[in-house]
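Residue-level structure breakdown
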Amino acid sequence: MSVSQILVLGGGVGGLVASNMLAERLGDRAKVTLVERKDKFQFPPSYPWLMLGMRRPDQVQKDLGALKKKGIKVINDEVSSIDVEKRVVGTKGGDLYYDHLVLALGAEYALDAVPGFREHARHIYDLESALRFKDAIERFQGGTVAIGISRTPFKCPAAPYEVAFLLEDHYRKKAIQDKVKFEFFTPESSPVPAVGPEIGNKVAELLRSRGINYHPKLRLEEIKQNELSFESGETIPFDLLFCVPPHVAPPPVVEAGLTNETGWIPVNPRTMETSHEGVYAVGDVTSIPTPSGYVPFLPKAGVFSHGQAEVAAKNIATKITGRGKAREWDGKGSCFLEVGGGQGAFVKGNFLAEPGPEIEFHMPGRVWHAQKVIFEKYWMRHWF
Ligand SMILES: Cc1cc2nc3c(=O)[nH]c(=O)nc-3n(C[C@H](O)[C@H](O)[C@H](O)COP(=O)(O)OP(=O)(O)OC[C@H]3O[C@@H](n4cnc5c(N)ncnc54)[C@H](O)[C@@H]3O)c2cc1C
């Protein structure tokens, strides 16, 4: 029996799911190797809680070394090159050869794409930045809090709204809300456009009801000390700034020529295969057109990465064993939107449905907050 070499690049949501499922399904038939620069898996949906001190860092990360007991080899290294013709991946520690490759490298942040971002903006798009923002939130005594989105696409379309609601709730509880003004800016035309205008209006209404001023269609040009300037010529002053950083595909996939004009990797949206034999891509690193969706491309979210990784892993296993049927990804996903006060809203749907997306929205309630806590516990336990 020959042993297939499977490389999974990236130990975030998609890579964790794919490597687990491949090892479980293939056992001795394959050698599954996961390459990740960090030694821990980190869970970004908990970062909004981390920024408010509602979670400690050790509660939202897990040691990837624990995957060894599942038969997964974890290499803690930086992927520097990918050659899909020669089927080799370069790392600092040497070359790795593969028969099947799963690209789950996510997105990187181009902080210098917006002048002044690096110096003046805070965000929670990685754990260390979320902790720095926590300190800034604690120091803030009043003034204008600006919350916004620099560029699309970005991960988790609900996250910046969640940040706005949670900050408003936080300063209300600290009883300094009279001294705080909230401004939300985005280049999008309505909140969370991927879910359509009807649900977007409900989110806009929630923002209004909390006194958060909403400014759509504003593309950020520059951040100066205490002032945002937009391409339209408008400006917004601020004392505390949260801004989603510009996202780009990781350099090794761009340099390997795997991306297209969108800047991301095109895939078959049902099988996650790329145009290269034996090479799959899942999650944030991909771009999937939604011909009948509300937005031209599927948003970037962990729930999609999870579903896509399952499909890629099952199909690789089927190819290797010759057993089972090929699977197709269903385009389904859901997302929580924390609004503070122990409450959350919930969105669920099929984003690739024909003739158009089928999406439902559940208004804020305690049940959805409780469900998000269960979702977090599942992620921190199930895969390790
Ligand atoms: C604040 C916040 C809240 C969120 N909330 C939700 C939510 O509630 N629901 C939801 O569905 N999604 C949510 N998301 C989005 C979700 O986290 C991402 O969409 C998801 O993690 C994407 O999975 P992925 O596997 O594609 O990429 P990632 O999980 O980002 O994994 C990519 C991995 O590749 C590694 N990597 C990259 N380049 C290299 C390299 N050259 N060498 C070695 N390793 C490399 C990275 O270190 C990373 O660990 C949230 C995101 C944020 C930031």
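In terms of nonpolar packing, the biggest core is built from 115 residues, with Ala18, Leu22 and Leu103 touching the most fellow members. The residue makeup of this core includes at least three contributed by each of domain 1 (4-107 + 249-330) and domain 2 (110-244).

The next subject is the sheet that holds strand E17 (residues 240-244). Pairing is parallel across the open sheet formed by 4 strands, whose spatial order is E13-E12-E11-E17. Strands with a single pairing partner mark the edges of an open sheet, and in this sheet they are strand E13 (212-215) and E17. For this sheet, the mean inter-axis angle between neighbouring strands, taken without regard to orientation, is 15°. Judged from the 5 bridges that link them, strand E11 (residues 143-149) and E17 form a sheet pairing that is parallel. Of the residues in E17, the one forming a bridge with Val145 is Leu240.

A separate point is the domain arrangement of the protein chain. Quite often, the size of an interface is put as the accessible area lost when its parts meet. Its domain assignment divides the protein chain into domain 1 (4-107 + 249-330) and domain 2 (110-244). Look at where the C-alpha atoms of domain 1 and domain 2 centre, and you get two points 30 Å apart. In terms of residues, the side of domain 1 that touches domain 2 owes the most to one element, helix H2 (residues 47-50), which gives 3 residues. Its residues assigned to classes, the side of domain 1 that touches domain 2 comprises 12 nonpolar, 3 polar and 2 charged.

Moving on, we come to helix H5 (residues 159-173). Taking 1.5 Å per residue as the helical rise, H5 with its 15 residues ought to reach 21 Å, and the 21 Å between its terminal C-alpha atoms agrees with that figure. Among all positions of H5, only Ala159, Pro160, Tyr161, Glu162, Val163, Ala164, Phe165, Leu166, Leu167, Glu168, His170 and Tyr171 are buried. Two residues or fewer past H5, Ala175 is found with a positive phi of approximately 60°.

Where helix H1 (residues 13-26) contacts helix H8 (residues 302-321), the two axes come as close as 8 Å, and the packing angle between them is 30°. Relative to H8, the element H1 lies roughly parallel. By crossing handedness, the relation of H1 to H8 is classed as right-handed. On H8, the residues that touch Val13, Gly14, Val17, Ala18, Met21, Leu22, Arg25 and Leu26 of H1 are Gly302, Ser305, His306, Gln308, Ala309, Glu310, Ala312, Ala313, Lys314, Ile316, Ala317 and Ile320.

Next up on the list: the site of the ligand. The local shell around the ligand holds 35 residues, among which Gly10, Gly12, Gly14, Gly106 and Gly283 are the closest. Mapped onto the shell around the ligand, the elements with two or more residues apiece are H1, strand E2 (30-36), H8 and strand E22 (332-340). Its residues assigned to classes, the shell around the ligand comprises 19 nonpolar, 9 polar and 7 charged.

With that out of the way, let us pick up the sheet that holds strand E16 (residues 235-237). With antiparallel pairing, the 3 strands of this open sheet are ordered in space as E14-E15-E16. Looking along the sheet, the strands with just one partner apiece sit at the ends: strand E14 (220-224) and E16. Averaged over neighbouring strand pairs, the angle between their axes works out to 15° when direction is ignored.

Moving on to the pairing of strand E23 (residues 343-350). Side chains on a regular strand alternate between the two faces of the sheet. The sheet contact formed by E22 and E23 spans 8 bridges and is antiparallel. Along E23, the bridge assignment pairs Gly340 with Gln343. Between E22 and E23, which follow one another and run antiparallel, lie 2 residues, and Gly341 among them has a positive phi close to 65°. Pairing between E23 and strand E24 (residues 358-365): 6 bridges, direction antiparallel. Looking at the pairing, Phe346 lines up with His362 of E24.

Note: most residues except glycine have negative phi, and most peptide bonds are trans. The omega torsion across Thr152 and Pro153 is 0°, close enough to zero to call that bond cis. The topology assignment puts Pro153 in the loop between E11 and H5. Here the bond from Glu354 into Pro355 is cis, since omega is 5°, no more than 30 degrees from zero. Within the secondary structure, Pro355 is located in the loop between E23 and E24. Phi is positive for Cys156, close to 55°, though the residue is something other than glycine. For Cys156, the location among the structural elements is in the loop between E11 and H5. Residue Cys156 is classed as buried on the basis of its C-beta count, with 23 C-beta atoms lying within 10 Å.

Definitions and limits used
Residues numbered from 1 in each chain as written. Predicted model: local features only at pLDDT ≥ 70, side-chain atom pairs only at ≥ 80, totals over all residues. Core = buried A, V, L, I, M, F, W, Y, C linked by C-beta atoms within 7 Å. Buried ≥ 20, exposed ≤ 12 C-beta atoms within 10 Å, placed from the backbone. Domains from an automatic or database assignment. Pairing = 2+ DSSP bridges. Helix = DSSP H or I, 4+ residues; strand = E, 2+ residues; numbered from the N terminus. Axes fitted to C-alpha atoms, helices over the stretch in contact; angles between N-to-C directions. Nonpolar A, V, L, I, M, F, W, Y, C, P; charged D, E, K, R; others polar. Expected span 1.5 Å × (residues − 1). Parallel < 35°, antiparallel > 145°, perpendicular 65-115°, else oblique. Left-handed = near helix turned anticlockwise from the far one by under 90°. Contact = placed C-beta atoms within 7 Å. Near = placed C-beta within 6 Å.

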